[in-house]
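One-letter residues, chain by chain:
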Amino acid sequence: MTAVRNQRAEINRRDAECAERFLCGLYASVVKPLSDLRLLISGLCALLLAFSVPIEAQQPTKVPRIGWLTGAPLSGNPERREAFRQGLRDLGYVKGKNIVIEWRAADGKRDRYPALLAELLRLKVDVIVCDSAGSTRHAKEATSTIPIVMTNDGDPVGQGFVASLARPGGNITGLSTLSPEISGKRPELLKESVPRLSRVTVFGTSTSAINAQELREVKLAAGALGVKLQYLDVLAPKDIETAFRTAAKERSDAVLMNVSGALMSFQRKEIAELAVKSRFPVTYHRREYVEAGGLMSYGVSQPDLDRRAATYVDKILKGAKPADLPVEQSVKFEFIVNLKAAKQIGLTIPPNVLARADKIIR
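Enquirer: Just checking my understanding: could you explain the nonpolar core for this structure?
Expert: Soluble, globular proteins show a tendency: their nonpolar side chains are buried together. By size, the foremost hydrophobic cluster in this structure holds 44 residues, and its most contacted members are Phe 84, Val 129, Val 149, Leu 295, Val 313, Phe 335 and Ile 349. Counting residues per element, this core draws most heavily on helix 11 (residues 302–317), which supplies six residues. Ignoring anything within four residues of it in the chain, the contact list for Val 313 reads Ile 66, Phe 84, Leu 88, Val 127, Val 129 and Val 149. Counting residues in hydrophobic clusters, the runner-up holds 21 residues, among them Met 257, Ala 272, Leu 274 and Val 282.

In structure tokens form, the structure reads like this:
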């Protein structure tokens, strides 16, 4: 019996050794390679991840760069630039974070435009925003590829900036102040404010693209009111004082100011002072003149146009082509009255006129 038990024990030992050898072979041929493969894959993934982080860090998201081009000094119209900035903020743009604006001003000197535009082109701006017909014209001459957004142009089709308002067709689009019919409203407001009104002198700028259209509307309105008109061409700031003297000599009852140009706008305070000195009731086409001391104005809301220009910039940055973005016209008009200026010339504005004012400066 003992011999039999020993024989069985030997068989069991041999079987165990065979099983152990089999398992070791299985581990060496199958399990270990799989484990090594997993380690290899994990190592490769870690290596790729390590390389991917610096690659992403070397390729940051490009921040759009906008060029703002104006003919007037930057100090002249801060409210317009703020309106544009506000329009961008409303669309989610934050200065220095996802938008950069390069402000450039010609300071009333046309010969500065080429250098300013060359600088904007070197900076590789994505869009050029122009605040006047003059700056748009120079931008058009400088580039036919970079998108240009107008914020203030009286007749973009007539000036050759766009093929049509509905389909601009080139690299220029934006907003137009083409509303000559509102020019006829200014004589009406003057007549209501100065009941004895019988003779008005119009200060205009013949080189302006819409001067003729606006003058036609003024003449039609004046004829209906029984008011005689005298037209004086004002081409430069130096002509303003002479124009006031001529109006006084011709015994005009009031002046309708419709002069154009960056320098005119910049000298609006001096123009308002000349009006008070000459004791003329004057109505202007832009609110900035009234805020600088002028009597009254009726015209488009320029800050509204500047704010809306931001929507064009946004669309272009998102891939839209200027050629496909229709030019929009003015939709917001405002009547501003300055009672301090009225008092200085001894004029009492009737209550019914004041009731129609969008803003009264007291």
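Enquirer: Looking at this structure, how should I read the packing of aromatic side chains?
Expert: Each pair of aromatic rings is reported with the distance of its centres and the angle of its planes. One pass over the structure, following the stated rule, counts five aromatic pairs. Aromatic ring contacts, followed pair by pair, group Trp 68, Phe 84 and Trp 103 into a single cluster. Above the plane of the ring of Trp 103 lies Arg 81, whose end atom (NZ or CZ) is 5.7 Å from the centre. It is Lys 315 that lies over the ring of Tyr 312; its NZ or CZ is 6.0 Å from the centre.

Enquirer: Any chance you could explain the packing of helix 5 (residues 185–193) against helix 6 (residues 211–225) here in plain terms?
Expert: Two quantities define a packed helix pair, namely the angle between the helix axes and the distance between the axes. In contact at an axis separation of 7 Å, helix 5 and helix 6 are set at 35° when each is read in the N-to-C sense. Residue-level contacts link Pro 187, Glu 188 and Lys 191 of helix 5 to Val 218, Ala 221 and Leu 225 of helix 6. Partitioning the contact of helix 5 with helix 6 into residue classes produces four nonpolar, no polar and two charged.

Enquirer: Before we go on, may I ask you to explain the environment of Thr 201 in this structure?
Expert: Secondary-structure assignment places Thr 201 in strand 6 (residues 199–204). Between the C-alpha atom of Thr 201 and that of Val 282, which follows or precedes it by 81 residues, the distance is 9.6 Å. In contact with Thr 201, not counting residues within four places along its chain, are Gln 230, Leu 232, Ala 247, Ser 252, Ala 254, Val 255 and Leu 256. In this structure the side chain of Thr 201 is engaged in a polar contact, spanning 2.4 Å, whose partner is the side chain of Ser 252.

Enquirer: Even after reading the chapter, I still don't get unusual backbone geometry, so can you show me in this structure?
Expert: Trans is the common state for peptide bonds, and a negative phi is the common state for residues other than glycine. Phi at Lys 124 is positive, roughly 55°, even though this residue is not glycine. Assignment of secondary structure puts Lys 124 in the loop between helix 3 (113–122) and strand 3 (127–130). Even without being a glycine, Arg 279 presents a positive backbone phi close to 60°.

Enquirer: Help me understand the sheet that holds strand 5 (residues 172–176), please; the structure alone is not making it clear to me.
Expert: What holds strands together in a sheet is hydrogen bonding between their backbones, with the strands either parallel or antiparallel. As summarised here, the arrangement of the six strands in space is 2-1-3-4-5-11, forming an open sheet in which the pairing is parallel. Bordering the open sheet on either side are strand 2 (100–105) and strand 11 (328–329), each of which pairs with just one other strand. The pairing of strand 1 (residues 65–70) with strand 2 spans six bridges and is classified as parallel. Note that in strand 2 the partner of Thr 70 across the bridge is Ala 105. Running over the sheet, helix 2 (residues 78–90) touches strand 1, strand 2, strand 3 and strand 4 (148–153) and is turned about 165° from strand 2. Sheet contacts for helix 11: strand 1, strand 3, strand 4, strand 5 and strand 11; angle to strand 4, the most-contacted strand, approximately 165°.

About the thresholds
Residues numbered from 1 in each chain as written. Predicted model: local features only at pLDDT ≥ 70, side-chain atom pairs only at ≥ 80, totals over all residues. Heavy atoms only, no water. Core = buried A, V, L, I, M, F, W, Y, C linked by side-chain atoms within 4.5 Å. Buried < 20%, exposed > 50% of the residue type's maximum accessible area, 1.4 Å probe, protein only. Helix = DSSP H or I, 4+ residues; strand = E, 2+ residues; numbered from the N terminus. Contact = heavy atoms within 4.5 Å. Phe/Tyr/Trp six-rings, centres within 6.5 Å; stacked < 30°, edge-to-face > 60°. Lys NZ or Arg CZ within 6 Å of the ring centre and 35° of its normal. Axes fitted to C-alpha atoms, helices over the stretch in contact; angles between N-to-C directions. Nonpolar A, V, L, I, M, F, W, Y, C, P; charged D, E, K, R; others polar. Polar contact = N/O pair within 3.5 Å; in protein donor to acceptor, adjacent residues only side chain to side chain. Pairing = 2+ DSSP bridges.

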